[in-house]
Amino acid sequence: MSEVSDRQALLDAARAAALTAYAPYSGFHVGAAFRFDDGTIVTGSNFENASYGLAICAETAAAIVANLQGRRTGLVEVAIIGGPLGADGQLALTAAPVTPCGRCRQVMNELAQLGGTDPIVYSGHADGYLEHRLSVLLPAAFGPANLS
Ligand code: THU
């Protein structure tokens, strides 16, 4: 597959994951897709709570799924897509990009540092996506290496 179709496949996986979100309180459905260096894609979606502040973000959910699969290294790319559901039940992407929240940047940094990678993060919006290295989104990050 070409780099472009690889990236599109990752964004499509994030979009599909967003449709599994449980987001009755915010109405903002988010999907995250992690690609590992063997090509495997792991996804997650946000899971909200009646105690609103306890919402679990899509990226954190994806990190937990990755761990369940024994994947703690090799995170190379992340795609995040989100928005409300339209009348057709499909995701209506927002004009603003879905950049990862601060907590999720830290959660993703754990996998990144464990595997010595600096993943590219694609933040989707209605007209495309923004692209950043995780180290740009979370400079001077504190991670496992900082405990030694
Ligand atoms: N959300 C995510 O899942 N990921 C982010 O990076 C930003 C926010 C979720 C949390 C909450 O369920 C909803 O989006 C609105 O903030």
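In this text the structure is predicted, and so the values were computed from the model without any measurement. (Residues numbered from 1 in each chain as written. Predicted model: local features only at pLDDT ≥ 70, side-chain atom pairs only at ≥ 80, totals over all residues. Heavy atoms only, no water.)

Draft legend 1. Main features of the side chain of Ser-45. Of note, Ser-45 is situated in strand S2 (residues 41-45). Of the residues examined, Ser-45 reaches a relative accessible area of 13% and is grouped as buried. A distance of 2.8 Å separates polar atoms of two side chains, one belonging to Ser-45 and the other to Thr-20. Excluding anything up to four places from it in sequence, Ser-45 contacts Ala-17, Thr-20, Ala-21, Val-30, Ile-56, Cys-57, Ala-58 and Ala-61. (Helix = DSSP H or I, 4+ residues; strand = E, 2+ residues; numbered from the N terminus. Buried < 20%, exposed > 50% of the residue type's maximum accessible area, 1.4 Å probe, protein only. Polar contact = N/O pair within 3.5 Å; in protein donor to acceptor, adjacent residues only side chain to side chain. Contact = heavy atoms within 4.5 Å.)

Draft legend 2. Broad picture of the site of the ligand. Near the ligand the following residues occur: Ser-26, Phe-28, Val-30, Asn-46, Glu-48, Ala-55, Cys-57, Ala-58, Glu-59, Thr-99, Pro-100 and Cys-101. Asn-46 is positioned such that a nitrogen or oxygen atom in its side chain is 2.9 Å from an oxygen atom of the ligand. The residue inventory of the shell around the ligand, partitioned by class, reads seven nonpolar, three polar and two charged. (Near = heavy atom within 4 Å. Nonpolar A, V, L, I, M, F, W, Y, C, P; charged D, E, K, R; others polar.)

Draft legend 3. Spatial organisation of helix H2 (residues 58-68). If you check which residues of H2 are buried, you get Ala-58, Glu-59, Thr-60, Ala-61, Ala-62, Ala-63 and Ala-66. Each element contacted by the buried residues of H2 is listed here: strand S1 (29-36), S2, strand S3 (75-83) and helix H3 (102-115). Positive backbone phi, at 80°, marks Gly-70, one or two positions downstream of H2.

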